[in-house]
Amino acid sequence: MGGLSSGSPLDDWRFLVGTWKGSAKDQFGEKGIIEGTVVFSLEPSEKFIMGKHEGYSESRLLNKSVTLLFYDSLEQKFRRKSFFSYGFVNNEVECAGNKDEIKFDVTMEPLPKSFEGTRWRSFLRKISDKELAMGLEVAKQGEEFKKYGESILHKTEK
């Protein structure tokens, strides 16, 4: 992943920096429209892309999260740590990708009892410099992954 002139494959994802807004309907285990805002920045340094996310349903705050995306040069894979207001952390390791998409295998800590035996994948997909898809896929043990939810986000400001 990443161009030859790039110092790091993370450079291909710097277009994320800025404010993004989007919505999803009847997805992520919720009924109705979920609206979200994500603000990406180069924090705590240029080796990371931090995202601060808030999700709302009918003006009610559903969740907040903070993610840190970085490139592990030893493993030659993207990694992401996501901290959720629900009280769990997703440890995400790239399992597939190209210059426009990263798919991550997800392990949760602590694993909620209701998710035992469930496998998760998350993804980031660049549609354009101003449009992004973010989502989750789920699979029960021995089954294929299916979409759990996807939000299409539009960049509102740099």
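The shown structure was predicted, so the numbers you read here are calculated from the model rather than taken from an experiment. (Residues numbered from 1 in each chain as written. Predicted model: local features only at pLDDT ≥ 70, side-chain atom pairs only at ≥ 80, totals over all residues. Heavy atoms only, no water.)

Colleague: Got a minute to help me understand the sheet that holds strand β3 (residues 49–57) in this structure?
Modeller: Strands in a sheet are paired, the pairing made by backbone hydrogen bonds, and the direction either parallel or antiparallel. Pairing within the closed barrel is antiparallel, and its 10 strands lie in the order β1-β2-β3-β4-β5-β6-β7-β8-β9-β10. Taken over all neighbouring pairs, the strand axes of this sheet differ in orientation by 25 degrees on average, direction set aside. The pairing of β3 with strand β4 (residues 60–72) spans nine bridges and is classified as antiparallel. From the neighbouring strand, Gly 55 faces β4, where its bridge partner is Asn 63. (Pairing = 2+ DSSP bridges. Helix = DSSP H or I, 4+ residues; strand = E, 2+ residues; numbered from the N terminus. Axes fitted to C-alpha atoms, helices over the stretch in contact; angles between N-to-C directions.)

Colleague: Looking at this structure, I do not really get the layout of surface pockets. What am I missing?
Modeller: Empty space among the atoms becomes visible once a probe the size of a water molecule is rolled across them. Its volume calculated, the largest pocket comes out at about 800 Å³. Taken together, 38 residues line the largest pocket, and the ones lying closest to its centre are Phe 28, His 53, Asn 63, Phe 84 and Leu 136. Looking at the lining of the largest pocket residue by residue, the class counts come to 20 nonpolar, 14 polar and four charged. (1 Å grid on protein atoms, 1.4 Å probe; cavity = no way out; pocket = protein on both sides within 12 Å on 5 of 7 lines; lining within 4 Å. Points joined across faces, edges and corners; volume = space filled by probe spheres on them. Nonpolar A, V, L, I, M, F, W, Y, C, P; charged D, E, K, R; others polar.)

Colleague: Got a minute to help me understand the pairing of strand β10 (residues 146–157) in this structure?
Modeller: Each regular strand carries side chains that alternate between the two faces of the sheet. Where strand β1 (residues 18–25) lies against β10, five bridges are found, and the strand directions are antiparallel. Opposite Thr 19, over in β10, you have Glu 157 as the bridge partner. The pairing of strand β9 (residues 131–140) with β10 spans eight bridges and is classified as antiparallel. Along β10, the bridge assignment pairs Ala 133 with Ile 152.

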